[in-house]
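Structural features, examined
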Amino acid sequence: MLRPLVGDDAPAMAEILSDPEVRRLTGSVGTTAEAQRPQPLDDGLRQWYATRSQQPDRLDLAVVDAESGRVVGEVVLNEYDDGGRTTNLRCLLGPEGRGRGLGTEAVWLLCRYAFAVGIERVTLEVFEFNPRARHVYEKVGFVPTGVRPQALLFDGVEVAALDMELTPRALSSSGR
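Cut-off values and rules
- Residues numbered from 1 in each chain as written.
- Predicted model: local features only at pLDDT ≥ 70, side-chain atom pairs only at ≥ 80, totals over all residues.
- Heavy atoms only, no water.
- Helix = DSSP H or I, 4+ residues; strand = E, 2+ residues; numbered from the N terminus.
- Rg over C-alpha atoms; globule rule 2.2 N^0.38 Å.
- Disulfide = S-S within 2.5 Å.
- Buried < 20%, exposed > 50% of the residue type's maximum accessible area, 1.4 Å probe, protein only.
- Salt bridge = Lys/Arg side-chain N within 4 Å of Asp/Glu carboxyl O.
- Pairing = 2+ DSSP bridges.
- Axes fitted to C-alpha atoms, helices over the stretch in contact; angles between N-to-C directions.
- Parallel < 35°, antiparallel > 145°, perpendicular 65-115°, else oblique.
- Left-handed = near helix turned anticlockwise from the far one by under 90°.
- Contact = heavy atoms within 4.5 Å.
- Nonpolar A, V, L, I, M, F, W, Y, C, P; charged D, E, K, R; others polar.
- Expected span 1.5 Å × (residues − 1).
- Right-handed = clockwise from strand over helix to strand, strands pointing away.

**Digging into the overall build of the chain**
What the chain contains, in helices and strands, is seven helices and seven strands. In sequence order, the chain lays out its α and β elements as β-α-α-α-α-β-β-β-α-β-α-β-β-α. A compact globule built from 176 residues should have a C-alpha radius of gyration of about 16 Å, and the chain, at 16 Å, falls within 12% of that. With the C-alpha coordinates of the chain rotated into their principal frame, the extents come out at 40 × 35 × 30 Å.

Below you can see the structure in the form of structure tokens.
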């Protein structure tokens, strides 16, 4: 299930954002040591989630496990380009949300919504050390559009990012 993020989601999101795998795979940090440090649950994080629904240029949604009712991640449409009718997608899931198809479902639902409101192209980047996310995006219908070889420096190693895009036609033919 997807729903707007609210301030009360900050504790769950702090826990998810403290997961070293989330921190590394999203490019939020540059070293393994930084990935091991927890995300503080402070006023700034509470304010961030409390104000997501008030932002006119993005859509931030909680990914909720329908069985448990727990927030397990977030999906975001941002970087909207009105002239090109294009937006960027971000997705992250904590440990409780992985391996059960929730990411695939969340990405598919959000892209379906984007196209229903007139978006013509959804773009994203995925780092080469995140094959699980790439598989999800390809399953939904995203196709590669380019590679940026030095998109991230992690533990002193350059990590490439694959740029991908999805169109309404590709989503329709993705087998869902």
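**Things to note about the state of the cysteines**
Applying the stated criterion across every chain yields a total of zero disulfides. Take Cys91: it sits in no disulfide, and the sulfur closest to it among the cysteines is that of Cys111, at 9.6 Å. Overall, the relative accessible area of 0% leaves Cys111 in the buried class.

**Side note on the pattern of salt bridges**
What the rule picks out here adds up to 14 salt bridges. Here Asp65 makes a salt bridge to Arg100, at a shortest N to O gap of 2.8 Å. Of the two residues, Asp65 sits in the loop between strand E2 (59-64) and strand E3 (71-81) while Arg100 sits in the loop between strand E4 (86-93) and helix H5 (102-116), which places them 35 residues apart along the sequence. Salt bridges sharing partners connect three or more residues here, namely Asp19, Glu21, Arg98 and Arg132.

**Focus: the pairing of E3**
Remark: a regular strand shows side chains that alternate across the two faces of the sheet. Buried residues dominate E3, accounting for eight of its eleven residues. Note: E3 against E4, seven bridges, orientation antiparallel. The residue of E4 that forms the bridge with Val75 is Cys91. In this structure, the hairpin formed by E3 and E4 is closed by a connection of four residues, where Arg85 is found at a positive phi of approximately 50 degrees.

**Digging into the packing of H5 against helix H6 (residues 131-140)**
Helices that pack against each other are described as a pair by the angle of their axes relative to one another and the distance between those axes. Contact geometry of H5 with H6 gives a least axis separation of 9 Å together with a crossing angle of 45 degrees. Here H5 lies oblique to H6, going by the angle between them. Along this stretch, H5 crosses H6, giving a crossing that reads as right-handed. Along its contact with H5, which presents Gly103, Thr104, Val107 and Trp108, the element H6 presents Val136, Tyr137, Lys139 and Val140. In terms of residue class, the contact of H5 with H6 is built from five nonpolar, two polar and one charged.

**Re H5**
Taking 1.5 Å of rise per residue, 15 residues should cover 21 Å, and H5 covers 21 Å from first to last C-alpha, within 8% of that figure. Remark: Gly118 follows H5 within two positions and exhibits a positive phi of approximately 105 degrees.

**Thoughts on the pairing of E4**
Counting buried positions along E4 yields seven of eight residues, so the element is predominantly enclosed. The pairing of E4 with strand E5 (residues 121-127) spans three bridges and is parallel. Counted as the bridge partner of Thr86 is Arg121 from E5. Viewed along the sheet, the connection from E4 through H5 into E5 turns out right-handed.

**Section: the sheet that holds strand E1 (residues 2-4)**
Note on sheets: strands pair through backbone hydrogen bonds, and any given pair is parallel or antiparallel. Strand order across the open sheet formed by seven strands is E1-E2-E3-E4-E5-E7-E6, with mixed pairing between neighbours. In this open sheet, the two edge strands, each paired with only one partner strand, are E1 and strand E6 (143-154). Averaged over all adjacent pairs, the angle separating strand axes in this sheet is 30 degrees, with direction ignored.

As far as function goes, none of this settles anything; it's purely spatial.
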